[in-house]
Every structure is written in structure tokens, then in C-alpha cells.
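Secondary and tertiary structure notes
One-letter residues, chain by chain:
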Amino acid sequence: MLIPLSTEQKQSLLWLSVALALVVLLALLGPVLMPFVVSGILAYVLNPWVDKLSAWRIKKWSLPRPMAASITVLLLIAAVLAMVLVIVPILQKEIPLLQAQIPRFFDKFDQTFSPLLAAHGFNIRLDSAGIKDLLTEQLAGSGDVIGKAVLSSIKVGGTAVLGMLANLLLIPIVLFYLLLDWHALLERLSHFIPRRWVSATTSGLLEVDDLLAQYLRGQILVMLVLAAYYSIALSIARFDLAIPVGIITGFLVFIPYIGYGLGLALALIGAVLQFDGLQGLIAVAIIYGFGQLLESFILTPRLVGERIGLHPLTVIFALMAFGQLFGFIGILVALPASAIISVAVRHLRSSYLNSTFYSQS
């Protein structure tokens, strides 16, 4: 026998269905949402600076918010362009050096491991000359290969390339309008919250905002400091690829474990390729060991504050899960989204432990 639903229950079911349909629609529109998601993250980070600029007064004249938003967006574009103009020439200079060092790596590998294998009855030797010729040929023609690949991709997927460029161009435009109407937008969104949930929702959002403020704004400072540290330290150790490896290591810190591990792997490869003895590997161990201590015990506590509070395995799972579901954007928002989920789970756990369903014996 079916129990008839009350009017309130019917309305709740209706609006829950609408919310579920909206979530499914957003998932299907994932590629289209990329500039909006990126712009939303940037707007959240940059909005306090816009607030400070718009509140800045010179005598009786204050800076209008549209002008403050424009200045902030232009400064962000200038910073990105400056980063590109610094990194690209370095890579153009260092990649040929890496190309010349790769054949030496195979010679070292063969000289080091072939005697060890022979001592255990495995007479295996690498054809270093053949591998060097193959790599030299492939690397020498890499420009042609890349050019052909680019031309082929333009022919086959010209629409996708144009779509990606359009998304990149949309980001500063969307960011400007979000910064311009940030507070009004939040006010309008608050009116969609059911009135009986306003207090609990506001409390949860304030808690989430505190977590994200510590993570997003502080993490940018940590990235900049670590990029400078690794670049300078590797340069002092006379690494040829010091600046690009240092910048990559510092800027990938926002991906926990993976970013640090990738930077460490690049530094170790550079040490093996460049130095004949163990001094390169020892220098990498000291630099990256001290860098990890610097990040964990000084930078993160002082600049980021309390961590999000997720177990390392939870962080790795969140990165893999969000990356699988949403691609690069998923990796980008994995930890902030995990912070939001952790707050929701914390409140859900508290409600569950205080419920009669749990406490009834």
C-alpha cells in the first residue's frame, strides 16, 4: 500500500529532482564550463585585492570597483605573460643541452650496470651506439614531427583548437565580470537557499571559506617561495637545468606529493646526466630534503595555516578521482572540493551521532 505524500514532501521531491538534473547537466557541460570554473577560482582568490583597491582613498576620491577589477585582471595577465617570457627562452636554451646529455646517460648506465649483471651471470649490454643514433635522429627531427603533428591536429580537430583558444580568451573576460559583481552574485545565490537551512548553510560556508582561504591564498605564496628556493639552490649547485626544474618544482607544489615527486625526479635525472660522480645526487638529496622541511615546518604553517586536514591516502584518492571525472580541471579543484566535502561529512557525522537511529539501543 502506497503512502500518499504530503504537499511539502512533493515539493521537496520536485526540487531535489531539479537539483539532480542540474548537477547532471553541469557534468555533461564540463568542457564548456572550464573558463567559468577557472575564472571562479581566480575570482575567489583575487576578490580581497579588488576590495582593498576599491576601498583605497586618495583624499576624497576612491577607486571605482570596475577600475579596481580591471587593474587586477591586467596585473594577472601581465604576471602570466612575464612567466611565459621567462620560462620559454630558458627551455629553448636548455632543451638542446638535455638532448646532448641523453646519450651520455646510456653510456653511464651501461658502464655501471653491465659489470654488475655480468657478475651474477647475466651478460647483457646495451647497444649504446645504436640507442644514441636513434635518439639523435628522433630528437633532431622532433621539430618536424611536432610541426606535422600540429598541422595534422589543426586539420583534423581545428574546431577543438579554436574552442580551446576561445576558452583561454574567455577567462579574463569572465573573471572581470565575476570580480565586478562578486558580492551581488553571492547575495543572489544566498536567496536560493531554503529558509530553514539558511543558518546551517551559512555556518558551513563560513567554515569552508576559512579552509579555502588558508589553502588557496597561502599556497600561492608557498609556490612562489619554493620556486625561488629550488631555482637558487640548484643554481648554486651548478645544475644546468636549475631554473626550469626549480620553477616546475615550486609551481607544482599545489599538487601534493605528485608535484614534489616529479620535481625530485627531474632533478635526479639532471644530476645523473650532468655529473660524473655522486656529488650531483648528494646535492639533490640535500636541496630537496631541506626544501621539504622548509615547506612542512615553516612555509605551510606560517603562510597557509592549518592544513585542510585530509589523510594522505584521501588526498591521493581525491586527485585520482577528480582527475578521472573532470580531467585537468578536476585535479585543479580536487583539494578545495575535498575541503568542502570534508566539512559536509563532518556535519553529517555529527548529525548521525546525535540521531536516535544511532543512539537507540
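See the structure printed just above.
Each value, and the rule that gives it
- What you see as residue numbers is a count from 1 along each chain, following the sequence as written.
- Local features in this predicted model are restricted to residues of pLDDT 70 or higher, and side-chain atom pairs are both shown and tallied only at a pLDDT of 80 or more, whereas totals for entire chains, interfaces and linings draw on every residue.
- With hydrogens and water stripped out, all remaining heavy atoms of the structure feed into the side-chain values.
- Only runs of H or I of at least four residues qualify as helices and only runs of E of at least two qualify as strands under DSSP, and these elements are numbered from the N terminus.
- Note on exposure labels: buried denotes an accessible area under 20% of the residue type's maximum, exposed denotes more than 50%, and partly exposed covers the range between, all computed with a 1.4 Å probe on protein chains only.
- By the convention used here, residues are in contact when the closest approach between their heavy atoms is within 4.5 Å.
- Per-residue and other accessible areas were derived by the Shrake-Rupley procedure at a 1.4 Å probe size, with only the shown protein chains allowed to occlude residues.
- The distinction between a cavity and a pocket rests on a 1 Å grid over the protein atoms alone: a 1.4 Å probe fits inside a cavity but cannot get out, while a pocket stays open yet meets protein on both sides within 12 Å along at least five of seven lines, and a residue with an atom within 4 Å of a point counts as lining.
- Grid points are joined across faces, edges and corners, and a volume is the space filled by probe spheres set on the points.
- Gly is placed with the polar residues, together with every amino acid not listed as nonpolar (Ala, Val, Leu, Ile, Met, Phe, Trp, Tyr, Cys and Pro) or charged (Asp, Glu, Lys and Arg).
- One less than the number of residues in a helix, times 1.5 Å, gives the span that helix is expected to have.
- Whenever Lys or Arg places a side-chain nitrogen within 4 Å of a carboxyl oxygen from Asp or Glu, that contact is recorded as a salt bridge.
- To form a nonpolar core, buried Ala, Val, Leu, Ile, Met, Phe, Trp, Tyr and Cys residues must be joined to one another through side-chain atoms within 4.5 Å.
- Each axis is a line fitted through C-alpha atoms, and for a helix only the stretch in contact is used; angles between axes span 0 to 180 degrees, taken between their N-to-C directions.
- Any angle between 65 and 115 degrees counts as roughly perpendicular, while under 35 counts as roughly parallel, over 145 as roughly antiparallel, and the rest as oblique.
- Handedness of a helix crossing follows the sense of rotation of the near helix relative to the far helix, less than a right angle counterclockwise being left-handed and clockwise being right-handed.
- Only residues whose relative accessible area exceeds 30% and that form no salt bridge enter a patch; like-charged residues are grouped when within 9 Å of one another, and nonpolar side chains (Val, Leu, Ile, Met, Phe, Trp, Tyr) when within 5 Å.
- Think of it this way: a Phe, Tyr or Trp ring, Trp meaning its six-membered ring, pairs with another when their centres are within 6.5 Å, and the plane angle makes it stacked under 30 degrees, edge-to-face over 60, tilted otherwise.
- To sit over a ring, a charge needs its Lys NZ or Arg CZ within 6 Å of the ring centre and within 35 degrees of the ring normal.

Helix and strand content of the chain: 12 helices and two strands. Secondary structure elements in the chain, listed N-terminal to C-terminal, are α-α-β-β-α-α-α-α-α-α-α-α-α-α. For the chain, buried positions account for 28% of its 361 residues. Across the chain, contacts joining residues at least 24 apart in sequence account for 71% of those joining residues at least 6 apart. When the accessible surface of the chain is summed, it comes to about 24100 Å², and 73% of that surface belongs to carbon and sulfur atoms.

Of the volumes computed, that of the second largest pocket is approximately 1800 Å³. Around the second largest pocket sit 37 residues that line it, and L42, L76, V80, I220 and M223 are the ones nearest its centre. Looking at the lining of the second largest pocket element by element, the count peaks at 10 residues for helix α3 (residues 65–119). Counted by class, the lining of the second largest pocket contains 33 nonpolar, two polar and two charged residues.

Our next topic: helix α9 (residues 258–274). Taking 1.5 Å of rise per residue, the 17 residues of α9 would be expected to cover 24 Å, and the 24 Å separating its terminal C-alpha atoms lies within 8% of that figure. Every buried residue of α9 is listed here: G259, G263, A267, G270, A271, L273 and Q274.

Considering all chains together, one arrives at one salt bridge under this definition. The salt bridge partner of R65 is D51, with a shortest N-O separation of 2.7 Å. Placement of R65 in helix α3 and of D51 in helix α2 (residues 30–55) is noted, with a sequence separation of 14 residues between them. Accessibility expressed as a relative area gives 24% for D51, which makes it partly exposed.

Take the nonpolar core next. Core analysis: the biggest nonpolar cluster contains 22 residues, and A43, Y44, L175, L179, L212 and L216 have the highest contact counts within it. Membership of the second largest hydrophobic core comes to 21 residues, among which are M223, L226, F239 and A242.

Another aspect to go through is the packing of helix α8 (residues 242–251) against α9. The N-to-C vectors of α8 and α9 enclose an angle of 165°; their axes lie 8 Å apart at closest approach. The orientation of α8 with respect to α9, classified from their angle, is roughly antiparallel. Regarding α8 and α9, the two cross each other, and that crossing is left-handed. Listed contacts from α9 to V245, I248 and T249 of α8 are G263, L266 and A267. Of the residues in the contact of α8 with α9, the class split is four nonpolar, two polar and no charged.

Side chains of L20, L22, V24, L25, L26, L28, L29, V32 and F36 sit close together on the surface and give an oily, nonpolar patch of about 850 Å² of accessible area. Of all the secondary-structure elements, those providing two or more residues to the nonpolar patch are α1 (7–28) and α2. Residue contributions to the nonpolar patch peak at six residues, all from α1. Its place among the elements puts F36 in helix α2. A relative accessible area of 43% places F36 in the partly exposed class.

In terms of burial, α8 is largely enclosed, as seven of its 10 residues are buried. Among the residues of α8, those classed as buried are A242, P244, V245, G246, I247, T249 and G250.

Right, let's get into unusual backbone geometry. Working note: non-glycine residues mostly have negative phi, and peptide bonds are mostly trans. For R238, which is not glycine, the phi dihedral falls at a positive 65°. Mapped onto the secondary structure, R238 falls in the loop between α7 (198–236) and α8.

The interhelical angle for the contact between α7 and α8, taken along N-to-C directions, is 155°, at an axis separation of 7 Å. Comparing their axes, α8 and α7 come out roughly antiparallel. Between α7 and α8 lies a crossing of right-handed hand. Counting all contacts with α7, which are made through M223, L224, L226, A227, Y230, S231, L234 and S235, the residues of α8 involved are A242, I243, V245, G246, I247, T249, G250 and F251. Looking at side-chain class alone, the contact of α7 with α8 contains 11 nonpolar, five polar and no charged residues.

Note on placement: E295 falls in helix α10 (residues 279–304). Note on E295: relative accessible area 13%, which makes it buried. In contact with E295, not counting residues within four places along its chain, are V222, L226, V253, T300 and P301.

Taken as a whole and assessed by the stated rule, the structure comprises six aromatic pairs. With 5.2 Å between their ring centres and 65° between their planes, F239 and F275 make a pair best called edge-to-face. Residue F239 is found in the loop between α7 and α8, and its partner F275 is found in the loop between α9 and α10; the two are separated by 36 residues along the sequence. For F239, a relative accessible area of 9% corresponds to the buried category. For F275, a relative accessible area of 15% corresponds to the buried category. Taking 5.9 Å as the distance between ring centres and 65° as the angle between the ring planes, the aromatic pair formed by Y260 and Y288 counts as edge-to-face. On the criterion of sequence distance, the pair formed by Y260 in helix α9 and Y288 in helix α10 is long-range, its members being 28 residues apart. Ring-pair connections join several aromatic residues into one group, and the members of that group are Y229, Y230, Y260, Y288 and F290. The ring of W49 has K52 lying over it, and the distance from NZ or CZ to the ring centre is 4.9 Å.

Shape descriptors only; they carry no functional weight alone.
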